[in-house]
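# Structure assessment
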Amino acid sequence: MGLEEQLPGGFLLTTVEAVAGLARKSSMWPMTFGLACCGMELMATGDPRHDFARFGMERPSGSPRQADLMVVAGRVSQKMAPVLRQLYDQMAAPKWVIAMGVCASSGGMFNNYAVVQGVDHIVPVDIYLPGCPPRPEMLLDAIVKLHDKVQNTKLGAHRRAEIVAEERARLTGLPLIDVSPAAVK
């Protein structure tokens, strides 16, 4: 009876996608973009009580070239929109965005010409976090949900097919259909 017969099935077996997802999830470097009152709650998430360092995010980056997560906290004015887009474009790929607060998600109570009515008009948003302002616990929950999304992101040709299907569903308004090779068979 050899060692391989004593080990449970699936022991030390994984895929490259699973390892890459775990590495990306566990080493996110956020670039904070606190614009208004939600910025205070974003800063509170880094304090010892909430401590988002336990999620591998202990290094908030001031430089977009070293960040892969942008947390947009607060309302975005029309004058700030080009700066936000430029910083997003300078981030390393793959990159993710959390719209923190109702002002970043939909413009909030500021329905006027000076405030962008949702940061998704400027950059693609992965997680919308409601609230005015949202509590640090809510931001931690959004980060956990983003980590799940990042860990399950496909690589290579599978990812391109997934992106095309998501974009087609968004533009046409039709439900998303599974285009993975396993579903096609």
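Residues numbered from 1 in each chain as written. Predicted model: local features only at pLDDT ≥ 70, side-chain atom pairs only at ≥ 80, totals over all residues. Heavy atoms only, no water.

As annotated in UniProt, the feature "binding site: [4Fe-4S] cluster" (unreviewed entry) corresponds to C37, C38, C103 and C132 in the numbering used here. Spanning 96 residues, the named residues nonetheless gather at one spot, since no C-alpha pair among them exceeds 10.0 Å. Along the chain, the position of C38 falls in helix α3 (residues 38–44). When neighbours within four sequence positions are excluded, C38 is seen to be in contact with A73, G74, M100, G101, P133 and P134. (UniProt positions renumbered as here; feature names shortened; annotations may be inferred. Helix = DSSP H or I, 4+ residues; strand = E, 2+ residues; numbered from the N terminus. Contact = heavy atoms within 4.5 Å.)

A few words now on the packing of helix α2 (residues 16–26) against helix α6 (residues 136–151). Where α2 meets α6, the closest approach of the two axes is 8 Å, and the angle between their N-to-C directions is 150 degrees. It follows that α2 is roughly antiparallel to α6 by the angle criterion. In this structure, the crossing between α2 and α6 has a hand that is right-handed. Between α2 and α6, the residues in contact are E17, G21, L22, R24 and K25 and H147, V150 and Q151, respectively. Classifying every residue of the contact of α2 with α6 gives two nonpolar, three polar and three charged. (Axes fitted to C-alpha atoms, helices over the stretch in contact; angles between N-to-C directions. Parallel < 35°, antiparallel > 145°, perpendicular 65-115°, else oblique. Left-handed = near helix turned anticlockwise from the far one by under 90°. Nonpolar A, V, L, I, M, F, W, Y, C, P; charged D, E, K, R; others polar.)

What follows concerns the sheet that holds strand β2 (residues 69–73). Read across the open sheet, the four strands follow the order β1-β2-β3-β4; overall the sheet is parallel. If you trace the sheet from one side to the other, it starts and ends with β1 (30–34) and β4 (127–129), each paired once. The sheet shows a mean angle of 15 degrees between the axes of neighbouring strands, taken without regard to direction. Bridging between β2 and strand β3 (residues 96–100) involves five bridges; their strand directions are parallel. Across the sheet, V72 pairs through a bridge with A99, a residue of β3. (Pairing = 2+ DSSP bridges.)

Here we come to the pairing of β2. The element β2 is extensively covered by neighbouring structure, given that five of its five residues are classed as buried. The side-chain alternation of β2 yields two buried faces, one formed by L69, V71 and A73 and the other by M70 and V72. Pairing between β1 and β2: five bridges, direction parallel. Pairing of G34 across the sheet is with A73, part of β2. On the question of chirality, the crossover connecting β1 to the parallel β2 by way of α3 is left-handed. Tracing the backbone out of β2, into helix α4 (residues 81–90) and back to the parallel element β3 gives a crossover that is right-handed. (Buried < 20%, exposed > 50% of the residue type's maximum accessible area, 1.4 Å probe, protein only. Right-handed = clockwise from strand over helix to strand, strands pointing away.)

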